[in-house]
Amino acid sequence: VTIVDTNVPNNRLLTYFVLAVVENPNDLDAPDAHGISAYRVLNTK
Amino acid sequence: VREGDGLCRRFDHNRRYTHRYALFAHALGLPAATTNLDETPYDDRVTPTRASGIADFPGGDLMVTLGRWDDFTATPFVQASTLMHEFGHTAYLRHSGFAGGQNCKPNYESVMNYLFQVRGLFTVTGTSISDPIVDYSRQELPALSEPTLDETAGLGTMAYATRWFAPWESSLIDKTLTTTPAKRHCDGSPLSGAELTDALKTPPGPLAMTRFDGTSMTGAIDWNADGAGDDASVAQDISFSGAQTALGAGVNDWTLLDLRQVGGRRNVASLNAAGSGLFGALSAGLDTRDYMSVTGGFDVDFLGTFDVDFLGSFDLEFLGGFDVEFLGGFDVDFLGGFDVEFLGDAGMGENGLGDVVPDAVNGPHGDLNLDTAISYGNAPHIQQLVWNKQAKTTTLTVRRPHAGKVLSYEAYRVEGGFPITATALAQRVQVGTPWPFPQATRRRPR
């Protein structure tokens, strides 16, 4: 999956992370949002 | 498979004491699991289960059973990590690093630890985080006491960034993003009634816990995930077992791997009995009864030498099937009393101290199944980040979590490095378009 950030400021230290919303097999109407990805740091200087 | 059953023999007998066998099967069928209670929304009391695998402990056989995971196979990473995990059991590795220890210790960085089996291990170099890694532990990290955790002490220099559980309401990032608390203990056992109530509340209550990933391999550790690793004494169930306990020091798996498994399967010297572990059988199995009673099948083929000298009493009681085949020399000298009692089809490795059956040696535990993995071990991974200065764009290549069906991703950008501050989080920017279902909305669990 590709996600594009289209308005990245210059001269900054930025950290990205992604959260997944996944199906709750025991309640399809209440998805789970458990996992936060490892952080990725970007220096735009 | 026995020859003569109309089936071809696939496993030569002369390899049984030198080779390990791994069976990748669809699912593991089990009788009622004692760790599943009515109050949990998960129910694995009927077969087949979603358990990731099981193995002899120690021994020669293991199974990887991921057929009820995503896409009927789980991801290649989970296949690899589960194979290495179950192999570790056959080589005498436990979930905690030592007998009686607790699963999910942050100071035991091993694929044997449920904290790291599905999610993997990460190295951190500066601000660069690796892809997930499968490994056994490589060092003896210091002991921890959950009632008195010193954040400033950390764990020294670690081979990998560690991972732990923190209260949802003290976790800056989880509270800000309103993530879902864990709905199982880390070892897969169900939450208590009070824990489950707090986990399902909106907002979650004080007993709700969430998994937290460290962002460094050295220095202080922010156990309570409040954004600063400066608390001198934190009382917290970082292993999320349901109680705050002392966590023994970690172990170096690579120095403890015991590749010997001769006798791991059924044989006359396996010194075991159904329902008890190896050590239980040795300590409690001595018997002075002076009879020999064979009430079940007894089939012995001696193709080589067999030499037994009994200088003392020798008592055998077979109440179930018993199959011995010696393809080489076998020599037993009994200078004292010796009692072997097989109450079922059990050998040293066949009590299965793997990932499902609670036992006295390995400590009580649940199992790592799909529900457990989704409950807390799940996260996507940013595989690649490409910045285009001219276009002012950043392209994130995101790999799916290792468990669960993804409905949507939420990507965020904050200013500054990590650890992420409260100010940076408050000013976060959500980037990109939720994928693949923009219409998917996230609701708080009931």
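Summary of the structure given here.

1. Side note on the overall build of chain A
Reasoning step 1: Check the secondary structure of chain A and you find zero helices and three strands.
Reasoning step 2: N-terminal to C-terminal, the α/β element order of chain A is β-β-β.
Reasoning step 3: When each of the 45 residues of chain A is scored for burial, the buried share is 64%.
Reasoning step 4: Within chain A, contacts between residues at least 6 apart in sequence are counted, and of these 45% link residues at least 24 apart.
Reasoning step 5: As displayed, chain A has an accessible area near 1,600 Å², and 39% of this comes from carbon and sulfur atoms.

2. Details of empty space enclosed by the protein
Reasoning step 1: Taken as a whole and judged by the stated rule, the model has three cavities of 30 Å³ or more.
Reasoning step 2: Roughly 200 Å³ of internal volume is contained in the largest cavity.
Reasoning step 3: Lining the largest cavity are 19 residues, and of these Ile36, Ser37 and Tyr39 of chain A together with Phe212 and Asp213 of chain B sit closest to its centre.
Reasoning step 4: For the lining of the largest cavity, the secondary-structure elements that each account for two or more residues are helix 3 (172–177) and strand 8 (209–213) of chain B.
Reasoning step 5: With three residues, the single largest contributor to the lining of the largest cavity is strand 8 of chain B.
Reasoning step 6: Class assignment of the residues belonging to the lining of the largest cavity gives a composition of nine nonpolar, six polar and four charged.

3. Quick look at the sheet that holds strand 19 (residues 406–415) of chain B
Reasoning step 1: Judged by pairing direction, the sheet is antiparallel, and its four strands sit side by side in the order 3(A)-2(A)-19(B)-20(B) without closing on themselves. With one partner strand each, in any of the chains shown, strand 3 (40–43) of chain A together with strand 20 (429–431) of chain B form the two edges of the open sheet. Each neighbouring strand pair of the sheet contributes to a mean axis angle of 30°, computed without reference to strand direction.
Reasoning step 2: Pairing between strand 2 (residues 13–22) of chain A and strand 19 of chain B: nine bridges, direction antiparallel.

4. Thoughts on unusual backbone geometry
Reasoning step 1: The omega angle of the peptide bond from Thr202 of chain B to Pro203 of chain B is -10°, so this bond is cis rather than trans.
Reasoning step 2: Mapped onto the elements of the fold, Pro203 of chain B is located in the loop between helix 4 (193–200) and strand 8.
Reasoning step 3: The phi dihedral of Asn11 of chain A falls on the positive side, at around 55°, and the residue is not glycine.
Reasoning step 4: Structurally, Asn11 of chain A is set in the loop between strand 1 (2–5) and strand 2.
Reasoning step 5: A relative accessible area of 53% means that Asn11 of chain A is categorised as exposed.
Reasoning step 6: The backbone of Ala74 of chain B shows a phi angle near 65°, a positive value even though the residue is not glycine.
Reasoning step 7: Counting through the fold element by element, Ala74 of chain B comes out in the loop between strand 3 (61–65) and helix 1 (76–90).

5. Quick notes on the sheet that holds strand 1 (residues 21–25) of chain B
All names here are of chain B.
Reasoning step 1: On the basis of which strands lie adjacent, the open sheet formed by three strands has the order 1-3-2 and mixed pairing. The sheet terminates laterally at strand 1 and strand 2 (53–55), the two strands that pair on one side only. The sheet shows a mean angle of 15° between the axes of neighbouring strands, taken without regard to direction.
Reasoning step 2: Along the sheet, helix 1 makes contact with strand 1, strand 2 and strand 3, crossing strand 3 at roughly 155°.

6. Overview of the state of the cysteines
Residues and elements named next belong to chain B.
Reasoning step 1: The tally for this structure, following the rule as stated, stands at one disulfide over all chains.
Reasoning step 2: Between the sulfur atoms of Cys104 and its disulfide mate Cys186 the distance is 1.9 Å. On the sign convention where negative is left-handed, the bridge of Cys104 and Cys186, at about -85° about the S-S bond, is left-handed. Residue Cys104 is found in the loop between helix 1 and helix 2 (114–117), and its partner Cys186 is found in the loop between helix 3 and helix 4; the two are separated by 82 residues along the sequence. As far as the burial class goes, Cys104 and Cys186 line up, both buried.

The rules behind each value
- Residues numbered from 1 in each chain as written.
- Chains lettered and ligands numbered in written order.
- Predicted model: local features only at pLDDT ≥ 70, side-chain atom pairs only at ≥ 80, totals over all residues.
- Heavy atoms only, no water.
- Helix = DSSP H or I, 4+ residues; strand = E, 2+ residues; numbered from the N terminus.
- Buried < 20%, exposed > 50% of the residue type's maximum accessible area, 1.4 Å probe, protein only.
- Contact = heavy atoms within 4.5 Å.
- Areas by Shrake-Rupley, 256 points an atom, 1.4 Å probe, with all protein chains shown as cover.
- 1 Å grid on protein atoms, 1.4 Å probe; cavity = no way out; pocket = protein on both sides within 12 Å on 5 of 7 lines; lining within 4 Å.
- Points joined across faces, edges and corners; volume = space filled by probe spheres on them.
- Nonpolar A, V, L, I, M, F, W, Y, C, P; charged D, E, K, R; others polar.
- Pairing = 2+ DSSP bridges.
- Axes fitted to C-alpha atoms, helices over the stretch in contact; angles between N-to-C directions.
- Disulfide = S-S within 2.5 Å.

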